[in-house]
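# Secondary and tertiary structure notes
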Amino acid sequence: MPRRLLTQNSDLRKQGIYNWSIPAWAGILPDGRRYNTCPSAGACAPLCYARQGHYRFPNVRARHEANLMMLLDDLPGWESAMTAELQHRRYQDRWVRCHDAGDFFAITPEKPLEYTKAWMRIMRAAPGVRFYAYTKSVSLFREAVEPDPPPNFRWVYSLGGREDHLVDTATERHVDVFPDEESLTEAGYTSRAKEGCLVSVLGPQRIGISANRISHLRRKQGDKRFSELQAAQDECRRSRNNRRAHPRCTQPHPDTARTSRCTSPAKHTASTKPGQPSPPPPDAAA
């Protein structure tokens, strides 16, 4: 276990924010174990910033994998160490982002809420520290967090995942990723780039993030925002039995981390109006 569990990346350091990170989405650990730390990832997965750039540096990747192995091998030990670390005065009146990469996930299928509940206990044991998170694990939060959240915890639902249909964008705080600043302003969203990371949990209800500057990701995203790409993916999944019209519509597989493709993008457009929650796909509970 490292001397400190919490770190600061270059962007969050400027705002005095500490963070805890694990590998994003799906992969294989050095010991051969497969993982999926973003179980609700959808259209966002092949466009994820936390799977690009410095996140792929060997030392950064090794640290994130070591963090994940701590959770998998000794969750009570990790919880105890995190609770103790947060008592230090350096963290008082500061913000901690729960996942700079990764999301709330099930440590084991038998105890799907175990990791999330550990975080809730950590937060209650550190009332002088403020915590926040972006998450696509909507159903998990509905069960484990929303009924009785710690008073020092704020969160925002991040669109672009398989549980977008559970978010009521007319009433719930959420964030969407747009092709550029102009498109998010036109849609009536507040820019995180102009206001800083904490605006997502402290500011207006609708926050927009412009796509990062990685050229191949911009080409993949095109002129759609994440919620629109996910709505098209959901529509594709609803039509998956029609193999002739949709011969290659698939969802990303958590073990192989393959991106989804559809050879008929023009046929798969969002069926909901902007600002309205998407209807659930038939296999949303799968």
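Source: prediction; values computed, not measured.

Parameters and conventions
- Residues numbered from 1 in each chain as written.
- Predicted model: local features only at pLDDT ≥ 70, side-chain atom pairs only at ≥ 80, totals over all residues.
- Heavy atoms only, no water.
- Disulfide = S-S within 2.5 Å.
- pLDDT = per-residue confidence, 0-100.
- Contact = heavy atoms within 4.5 Å.
- Pairing = 2+ DSSP bridges.
- Helix = DSSP H or I, 4+ residues; strand = E, 2+ residues; numbered from the N terminus.
- Buried < 20%, exposed > 50% of the residue type's maximum accessible area, 1.4 Å probe, protein only.
- Right-handed = clockwise from strand over helix to strand, strands pointing away.
- Axes fitted to C-alpha atoms, helices over the stretch in contact; angles between N-to-C directions.
- Parallel < 35°, antiparallel > 145°, perpendicular 65-115°, else oblique.
- Left-handed = near helix turned anticlockwise from the far one by under 90°.
- Nonpolar A, V, L, I, M, F, W, Y, C, P; charged D, E, K, R; others polar.

### Considerations on the state of the cysteines
- Enumeration according to the criterion identifies zero disulfides in this entry.
- Cys48 supplies the cysteine sulfur nearest to Cys44, a cysteine that is in no disulfide, at a spacing of 6.6 Å.

### Some words on the confidence of the model for the protein chain
- In this model, the protein chain carries an average pLDDT of 87, and 84% of its residues clear a pLDDT of 70 or more.
- This model gives residues 250-286 a pLDDT under 50, and the stretch forms 72 contacts once residues within four places in sequence are excluded.

### Focus on the sheet that holds strand 9 (residues 206-210)
- The seven strands are arranged 1-4-5-6-7-9-8 in an open sheet whose pairing can be described as parallel. Edge positions in the sheet fall to strand 1 (17-19) and strand 8 (190-191), since each of these pairs with one other strand and no more.

### Looking at the pairing of strand 5 (residues 130-135)
- Counting buried positions along strand 5 yields five of six residues, so the element is predominantly enclosed.
- Bridging between strand 4 (residues 95-97) and strand 5 involves three bridges; their strand directions are parallel. Among the inter-strand pairings, Val96 is bridged to a residue of strand 5, identified as Phe131.
- Read as a crossover between parallel neighbours, the route from strand 5 over helix 5 (residues 138-144) to strand 6 (residues 153-158) is right-handed.

### Let's talk about the packing of helix 3 (residues 75-85) against helix 4 (residues 114-124)
- Contact geometry of helix 3 with helix 4 gives a least axis separation of 10 Å together with a crossing angle of 20°. Classified by the angle between their axes, helix 3 and helix 4 sit roughly parallel to one another. You can see that helix 3 and helix 4 cross each other, and the crossing is right-handed. Judged by residue contacts, Leu75, Trp78, Glu79, Met82 and Thr83 of helix 3 engage Glu114, Tyr115, Ala118, Trp119, Arg121 and Ile122 from helix 4.
- The class makeup of the residues in the contact of helix 3 with helix 4 is seven nonpolar, one polar and three charged.

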